[in-house]
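Take a look at the letters that make up each chain.
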Amino acid sequence: MQPMIATQRFGLGAGPGELARLGCDPLAWLLAQLDQPTGLPADDRIPGSPGAMDHFLRRQELVRSRNAREKAGETLIPLSREVVDFLHPNEIVQANLNQGLATAIATPTPLLERLALHWINHFTTSLASAPVYLGYFGAAFEREAIRPHMLGRFEDMLFATSTHTAMLFYLDNRRSVGPNSTAGKRRGRGLNENLAREIMELHSLGVDGGYTQADVIALARILTGWSAEIDRPAPSTAARMGFFPELHEPGPQVVLGRRYADTGPDQLKAVLHDLAQHPNTARHVARRLVRHFIGDTAPAELAQTVAKVFQDSGGDLKAITGALLRSPAAAAAPPARVRPPIELLLGTARLLGRAPEPPRPMMALTAMGQPFRGAASPAGWPEEDDAWGAPDAIKTRLDWAIALAARQPAGLDARALLDQAFGAETSPELRRAVGRAADSRQALVLLLMSPEYQRR
Amino acid sequence: MSRSPFASRRALLAGAGSLFAWGYAPRLASAARRDPRLLVVILRGGLDGLAAVPALGDPDFDSARLAPELREAGATLPLDGFFAINRNMPALAQLYQDRQALILHAVASPYRDRSHFDAQDLLESGLPKLVDGGRSGWLNRVLAGLPRGERLPPPKGLAIAPTIPVILQGGAPVETWQRQAFAYADDDTVARLLDLYEARDPKLAAALRDGVLLDNVTMAEDGMAPGRTAGRLDFATDAAGAARIMARPDGPRIGAMAFSGWDTHADQGSITGGLGKRLAALDAAIGAFRSGLGPVWEDTVVAVVTEFGRTVRLNGSRGTDHGTATTAFLIGGAVKGGRVLADWPGLGQQQLREGRDLAPTTDLRAVMKGILAEHLGIGDAALGGTVFPQSEALVRLRGLCG
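Thresholds applied
- Residues numbered from 1 in each chain as written.
- Chains lettered and ligands numbered in written order.
- Predicted model: local features only at pLDDT ≥ 70, side-chain atom pairs only at ≥ 80, totals over all residues.
- Helix = DSSP H or I, 4+ residues; strand = E, 2+ residues; numbered from the N terminus.
- Rg over C-alpha atoms; globule rule 2.2 N^0.38 Å.
- Buried ≥ 20, exposed ≤ 12 C-beta atoms within 10 Å, placed from the backbone.
- Contact = placed C-beta atoms within 7 Å.
- pLDDT = per-residue confidence, 0-100.
- Nonpolar A, V, L, I, M, F, W, Y, C, P; charged D, E, K, R; others polar.
- Domains from an automatic or database assignment.
- Axes fitted to C-alpha atoms, helices over the stretch in contact; angles between N-to-C directions.
- Parallel < 35°, antiparallel > 145°, perpendicular 65-115°, else oblique.
- Left-handed = near helix turned anticlockwise from the far one by under 90°.

Asks: What should I look at first to understand the overall build of chain A in this one?
Replies: Helix and strand counts for chain A come out as 24 helices and four strands. What you see for chain A is a C-alpha radius of gyration of 24 Å, in line with the 23 Å of a compact globule of 456 residues. Overall, the C-alpha framework of chain A stretches about 75 × 60 × 35 Å when taken along its three principal axes. Residue burial in chain A is summarised as follows: out of 456 residues, 55% are buried. Taking contacts inside chain A between residues at least 6 apart in sequence as the whole, the part at least 24 apart equals 71%.

Asks: Sorry, what's going on with the confidence of the model for chain B here?
Replies: In low-pLDDT regions, the fine details of the predicted coordinates are not to be read closely. All names here are of chain B. For chain B, per-residue confidence averages 84 on the pLDDT scale, and residues scoring 70 or more make up 84% of the total. For residues 22-32, every residue scores under 50 in pLDDT, and the model assigns this stretch 29 contacts once sequence neighbours within four places are set aside. Low pLDDT, under 50, characterises residues 220-231; the predicted model gives this stretch nine contacts beyond four residues in sequence or across chains.

Asks: How should the environment of Ile342 of chain A be read in this particular structure?
Replies: Residues and elements named next belong to chain A. Within the secondary structure, Ile342 is located in helix H18 (residues 341-352). Among the residues examined, Ile342 registers 22 C-beta atoms within 10 Å and is labelled buried. As for Ile342 and Leu97, which are separated by 245 residues in sequence, their C-alpha atoms are 9.9 Å apart. If we ignore the near neighbours within four places in the chain, the residues touching Ile342 are Leu117, Leu365 and Gln370.

Asks: In this structure, what is going on with the interface of chain B and chain A? I would like to understand it.
Replies: One frequent convention defines the size of an interface as the accessible area lost when the parts assemble. The partner chain A presents 51 residues to the 45 residues of chain B that form the contact. Of all the secondary structure elements, the ones that give two or more residues to the side of chain B that touches chain A are helix H5 (116-125), strand S6 (174-177), helix H7 (187-200) and helix H8 (202-219) of chain B. Counting residues per element, the side of chain B that touches chain A draws most heavily on H8 of chain B, which supplies nine residues. Residues of the side of chain B that touches chain A, tallied by class, amount to 20 nonpolar, 13 polar and 12 charged.

Asks: Please clarify how the domain arrangement of chain A should be interpreted in this entry.
Replies: All names here are of chain A. Taken domain by domain, chain A comprises domain 1 (49-276) and domain 2 (341-454). The interface is formed by 19 residues belonging to domain 1 together with 18 residues belonging to domain 2. Sorting elements by how many residues they give to the side of domain 1 that touches domain 2 places helix H5 (residues 89-106) first, with seven residues.

Asks: Quick question: what am I supposed to make of the packing of H5 of chain A against H18 of chain A here?
Replies: Helix-helix packing: each pair is described by the crossing angle between the helix axes and the interaxial distance. Residue and element names in this part refer to chain A. Contact geometry for H5 and H18: axes closest at 7 Å, N-to-C directions at 50°. In terms of axis orientation, H5 runs oblique to H18. Considering only the axes of H5 and H18, their crossing is right-handed. Together, Gly100, Leu101, Ala104 and Ile105 of H5 and Leu346, Ala349 and Arg350 of H18 make up the contact between the two elements. Of the residues belonging to the contact of H5 with H18, the class tally is five nonpolar, one polar and one charged.

Following this line, the structure appears as structure tokens:
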């Protein structure tokens, strides 16, 4: 495997001295990362679910009292200027991006950061449709439902994501009530199929995965009960999240021809276990993984190989990721995918050894068409090779690179960065262009915009 | 810099008039002295057509809908005695009064399942059913098939988006545009980078060249980025940008854009809640099309469509789930408006599709075929073969334009 394939296709680009550390065996460098921890350090501005719930409730209380005061005719100062004892959702989102940038600079395991990006996208929860809820719970989702499982069992990740408060908000399961449950009969509320459908269509079987509308409804019934209580008093914060028997549709359900007895919360566990073991899930998950890392032109056999490892291992994501890395086809395919904006930002942090700003990374991501954790739909970001390579998008990247380079120190040595990033693989044309640049800042722009840097 | 081994921006822009290829193109042959424009607006997520244009005259409306707020006084503006329009859409109501808005109801693409992504795929690809692998968009195939003089490059389409949506993907060239966030790159750096791309990556070279040209089309226009009100849903700014680019004499004649967020599964609030606000934002965008297109409005059709409708009944969380038929809007000076066209299926329990959805009675492709024939002069053979494959038997709607 070429070093640049290892650092860019499966990483965030080379940090200082990294090409030397890869030595002559980039594959071994990648595989060794699979034995490293996948978590992130604690950060008191990024609460886990219970903390997020506390902050959320305190904000909700203030919003309600403000609404009442406004109704009574009072003129209010903006919410953002109130003195508060909680974190605002955008503060958590910003802290999450900041931690991502800091991690990108220093991590010895960039492959794990890329895997996190992939699985966050596979199980999209988005700020686009629920900025307050997801602002609070989105970062916890990554830390509680994605990272602990991304080298573990797919089944566990499927269960963790399906039952996480962030997902229950994002795909409306919080509001889904079994029509024949205690609460359903009392309150006259009913099913919401959204989460059930996306679990089958996007997260597991795939859209051509052989399920019917009846299967979706049955899974929606099984999912009832998994919710979050944010309106009524509760004995504790922990009791506000999880499984609520009074919302759960009683009785057995049939999904894909198989009957699931009503075992309360375990009913979901049983059906997700079977969905995770289904051959169509292996095929769908493998396809998405291969497409994310390799691109449109990856040979079909590669996805088949990965899918087979998925099935043989019962969804062991470490084995699956290892199979992808070891495959000669994954190393041989030429760099094709234009790097998505989030990879560009994180990669540039790693390249420069500091956060790439100004311009503010949050704003830059939005301008480049990929607002942070803000995919437009549950399907996530587009994965086509040139999805991020349209004329306006490339021009915006160039404008961004110039704005970024303008604020870098004047003595910055772009030629050294070239060696750091691409080493012997630097094309003569790029070396010449950087060497002849009018000044060091223009040289940096040419490096950042080079085909070597833009595609992986 | 005094030396100039590189093309200056001016030189780069020497061909700016041909960015959309229309500068040299004769007026569309089929429509003498006319210069028609078509903009397709996709509402992603599935618009609740019964909340936008409720059929208040349907005898089963009250029992079927269970959305009492649509009945409240002042919630809607009357259209024709049977249909009314959500009060959040006064600009659309005014265009209806001016006979420049035609509202279609109970329309649907051929898609009959409940996946957003497949539904959008079918809506945008124009295919009769889903296929795996590569597909192009029907609007791109319209571009490719437009009548044009010999030796002219194919006319380019416009996508108001950071990336090209499926509806405009395909062989005919397309530009994307979105609001500018940074200062424009200097000519020298552009030229050096272009030089590098031409040696190493022709695709990136083409993209950069077109990106620079597109900037030039819009950079002279003052006020391309009017201040946004923080926190307020804004579709109008992008709509104004699209209108300005399309209004230019050398601008594109075919464009597409999308507004997201119509997937109202919970607490949809059709009048005063989330959906009401979103309809108001759409209405502001409609107003921005009207004013931004200026004189060319008279020869424009804006088609507002969505991938599917929503369930007639509210669900357990006071929202609506994925359904089938819904509404569509045709607006513009070229539209024969002031009407609601609907072969109304009824809202009685027996009349609903699968007991839950508004039944589709008009194929959205028949609507678009009607527009393409009457507005752009595209022949029936092409419409039924290449634009909407295997739709020869699907009769286009007539009398939509003129």
